[in-house]
Amino acid sequence: MTTPFDPTRRTIVVPTQLAGPTRVVTVNLLLDTGASDTFIQEPKLLTAGYDPAAATGQYTVATPSGFIGVLEFRVLAFTALGRVRVDFPILAHTFPPGTGHDGVLGLDFFRGNVLTIDFVMGEITLTPGGPTP
Amino acid sequence: MSKVMTRAEMDAQFPDEWILVTDPVLGPDLFVRSGVVAAHSKDRAEVERAALETPSRHIAVWFNGDPIPPGFKVLL
């Protein structure tokens, strides 16, 4: 499936959908091939019904400004670019005030697929590929 | 009763604001096409509080503007 984006902006915004125990939440993430994993603004995970006490993991993340600790939640379902992932790991983070996004869509979401970013047409296409070696 | 708004109406009325929509109608690309605006504000935390309080089981939240403030460069 093909998803449009605005190629004149400095970031690529991707609408995503997070299914939780209490709500389905649609949020915009930035496509980030420099991120190993997918991160979502922590209050959005709380809104979907994920309890920090029920986090499934805790990790240290290397960021440009240093190392931070984050919690991992395995979400019931996560959808973006026409692909649905079940029991998908999402890392919770709080992004700085003044930024207008709710997280980043990282490489873990794209593995096993072919990602095409067309900066001329302003289109992203994600198609099933095969297992990542 | 709250009024259903189209995405174009929201874009025009709430520029550079966070928008919370309940029971959104989405396209196959997951972009919001229409819905009821339950909250809007330039303050993200205010909209996040409203999202926690809404009884709706399906919501959409987004910033209606450039995700990066003017004059800033980005290193995620």
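Starting afresh in each chain, residues are numbered from 1 along the sequence in its written order. As they are written, the chains are lettered A onward and the ligands numbered 1 onward, keeping that order. Thresholds applied to this predicted model are a pLDDT of at least 70 for local features of residues and 80 or more for the giving and counting of side-chain atom pairs; totals over whole chains, interfaces and linings are not thresholded and use all residues. As a rule here, side-chain values cover all heavy atoms of the structure and leave hydrogens and water aside.

1. Looking at the overall build of chain A
Every helix listed is a DSSP run of H or I at least four residues long, and every strand listed is a run of E at least two residues long, numbered separately from the N terminus. On a plain count of helices and strands, chain A comes out with 2 helices and 10 strands. From first element to last, N terminus to C terminus, chain A shows the α and β order β-β-β-β-α-β-β-β-β-α-β-β. Taken over C-alpha atoms, the radius of gyration is set against a globule rule of 2.2 Å times the number of residues to the power 0.38. Against the 2.2 N^0.38 benchmark of 14 Å for 133 residues, chain A shows a C-alpha radius of gyration of 15 Å, consistent with a compact globule. With the principal axes as the frame, chain A shows a C-alpha extent of 45 × 30 × 30 Å. Counting all 133 residues of chain A, 48% fall into the buried class. Residue contacts are counted whenever heavy atoms from the two residues lie within 4.5 Å of one another. Within chain A, contacts between residues separated by at least 24 positions form 56% of all contacts whose residues are at least 6 apart in sequence. Surface exposure of chain A reaches about 6100 Å², of which carbon and sulfur atoms provide 58%. The averaged location of the 11 negative side-chain charges in chain A is 2 Å from the averaged location of its 8 positive side-chain charges. Relative accessibility under 20% of the residue-type maximum defines a buried residue, over 50% an exposed one, and the middle range a partly exposed one, all with a 1.4 Å probe and only protein chains included. In short, Shrake-Rupley with a 1.4 Å probe defines the accessible areas, and a residue's cover is counted only from the protein chains shown. Positive charges come from Lys and Arg alone, negative charges from Asp and Glu alone, with His and the N- and C-terminal ends not counted. By convention, charge coordinates are those of NZ in Lys, CZ in Arg, CG in Asp, or CD in Glu.

2. Description of empty space enclosed by the protein
Cavity: a set of points on a 1 Å grid over the protein atoms alone where a 1.4 Å probe fits but cannot get out. Pocket: an open set with protein on both sides within 12 Å along at least five of seven lines, its lining residues, like those of a cavity, having an atom within 4 Å of a point. Grid points are joined across faces, edges and corners, and a volume is the space filled by probe spheres set on the points. Applying the stated rule across the entire model yields 1 cavity of 30 Å³ or more. Here the largest cavity defines a volume of roughly 50 Å³. Secondary structure elements with two or more residues in the lining of the largest cavity: strand E3 (24–31) of chain A together with strand E4 (58–63) of chain B. Under the grouping applied here, Gly and all other residues not named as nonpolar or charged are polar, the nonpolar ones being Ala, Val, Leu, Ile, Met, Phe, Trp, Tyr, Cys and Pro and the charged ones Asp, Glu, Lys and Arg. Residues of the lining of the largest cavity, tallied by class, amount to 8 nonpolar, 2 polar and 1 charged.

3. Focus on the packing of aromatic side chains
All names here are of chain A. Here a pair means two rings of Phe, Tyr or Trp (six-membered ring of Trp) with centres within 6.5 Å. Their orientation is stacked below 30 degrees between planes, edge-to-face above 60, and tilted elsewhere. Enumeration over the complete set of coordinates arrives at 7 aromatic pairs over all chains. With centroids separated by 5.5 Å and ring planes inclined at 85 degrees, the aromatic side chains of Phe 5 and Phe 119 adopt a geometry described as edge-to-face. Within this pair, whereas Phe 5 is found in the loop between strand E1 (2–4) and strand E2 (13–19), its partner Phe 119 is found in the loop between strand E9 (113–118) and strand E10 (123–128), the two being separated by 114 residues in sequence. Here Phe 119 falls in the exposed class, since its relative accessible area comes to 51%. By way of ring pairs, the aromatic residues Phe 78, Phe 88, Phe 109 and Phe 110 are connected into one cluster.

4. Quick look at the pattern of salt bridges
Note on pairing: side chains with opposite charge can pair once their charged atoms come close. Counted as salt bridges are all cases of a side-chain nitrogen of Lys or Arg within 4 Å of a carboxyl oxygen of Asp or Glu. Applying the stated criterion across every chain yields a total of 7 salt bridges over all chains. Linking A:Asp102 and B:Arg44 is a salt bridge whose minimum nitrogen-to-oxygen distance equals 3.1 Å. Here B:Arg44 lies in helix H2 (residues 44–53) and A:Asp102 lies in the loop between strand E7 (83–93) and strand E8 (103–105), a pairing that spans two chains. Between B:Asp11 and B:Arg7 there is a salt bridge, with its nearest N and O atoms 3.1 Å apart. With a gap of 4 residues between them, B:Asp11 and B:Arg7 both fall in helix H1 (residues 7–13), about one helical turn apart. One network of salt bridges, in which partners are shared, links A:Lys44, A:Asp102, B:Arg44 and B:Glu48.

5. Description of the layout of surface pockets
By rolling a water-sized probe across the atoms, one finds the places where empty space is left. Empty space within the largest pocket amounts to approximately 630 Å³. Forming the boundary of the largest pocket are 25 residues, of which A:Pro64, A:His93, A:Phe95, B:Leu75 and B:Leu76 lie nearest the centre. Top contributing element to the lining of the largest pocket by residue count: strand E5 (residues 57–63) of chain A, with 3 residues. Classifying every residue of the lining of the largest pocket by side-chain character gives 16 nonpolar, 7 polar and 2 charged.

6. Digging into the environment of A:Leu46
Tracing the sequence through the fold places A:Leu46 in helix H1 (residues 42–48). As a C-alpha pair, A:Leu46 and A:Thr22 span 24 residues in sequence and 9.4 Å in three-dimensional space. Here A:Leu46 is in contact with A:Pro52 and B:Leu52, once residues within four sequence places are set aside.

All quantities given are derived from atomic positions and should not be read as evidence of function.
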